[in-house]
Amino acid sequence: MRLCFVGPGYHPDRGGAEEYVRAMAERLAGKGHEVHVMVPAAHAAEEERKGVRVHRLRANGFFSKRLVKLEGLEALLEEIDPALVHLQSHASLYSLQAAKACGKMGKKYVVLTYGPTVEHNRSGLLRNLFAEALDWWTTRKIFSGAAVVLYRTENLEPWCRAHGAGRLLVLARGFPLR
């Protein structure tokens, strides 16, 4: 099966989401799937890492990774033609860009959420207000078109439903790969 992840970064980039995407992509590639990963970068580049095709797409936007769009994302999704797209976050413009592209192409996508950004990424007042505004702008648009919204803790179900999620799946221990 041809799969595509859209996330904030990929090895050697560091972070929890980056590590999750890397681990999932490598496991799926190891099981014989064709796996692509699209991430923001300063300069466009492509490489293969442990059977995973990594597409570093030039990011256009502001000071935060969450506020960028990825050059060529739509065309690359059309070219790859994945059976399923996995969005690693609900709170970014590139995730919204990918969700809209999937909608136009009739492609299914799933989205993994850790809940309201401000709850797991606390900062000062201005950053918290920014995070809440970004969640408000992107979440309902992404959740409403998702085939499944994946969430990590059961207390997030009401928040997911309030933000337009239809089908939900709790993955308290990660995604089972069989």
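Our structure's up above, just so we're on the same page.
Residues numbered from 1 in each chain as written. Predicted model: local features only at pLDDT ≥ 70, side-chain atom pairs only at ≥ 80, totals over all residues. Heavy atoms only, no water.

1. A short note on the environment of G164
- Note on placement: G164 falls in the loop between α6 (157-162) and β9 (168-170).
- Judged by its relative accessible area of 24%, G164 falls in the partly exposed class.
- Separated by 21 residues in the primary sequence, G164 and F143 have C-alpha atoms spaced 5.6 Å apart.
- Among residues more than four places away in sequence, those in contact with G164 are R140, F143 and S144. (Helix = DSSP H or I, 4+ residues; strand = E, 2+ residues; numbered from the N terminus. Buried < 20%, exposed > 50% of the residue type's maximum accessible area, 1.4 Å probe, protein only. Contact = heavy atoms within 4.5 Å.)

2. Structural notes on the packing of aromatic side chains
- Enumeration according to the criterion identifies two aromatic pairs in this entry.
- Taking the centre distance of 6.3 Å and the plane angle of 40° together, the rings of W136 and W137 count as tilted.
- Plain terms: the ring middles of F143 and W159 are 5.8 Å apart, the flat faces sit at 90° to each other, and that makes the pair edge-to-face. Here F143 is found in helix α5 (residues 125-145), whereas its partner W159 is found in helix α6, with 16 residues between them in sequence.
- We classify W159 as buried; its relative accessible area is 16%.
- A cation over an aromatic ring shows up here: K141 above the ring of W137, its NZ or CZ 3.1 Å from the ring centre. (Phe/Tyr/Trp six-rings, centres within 6.5 Å; stacked < 30°, edge-to-face > 60°. Lys NZ or Arg CZ within 6 Å of the ring centre and 35° of its normal.)

Function cannot be inferred from these measures alone, as they are strictly geometric.
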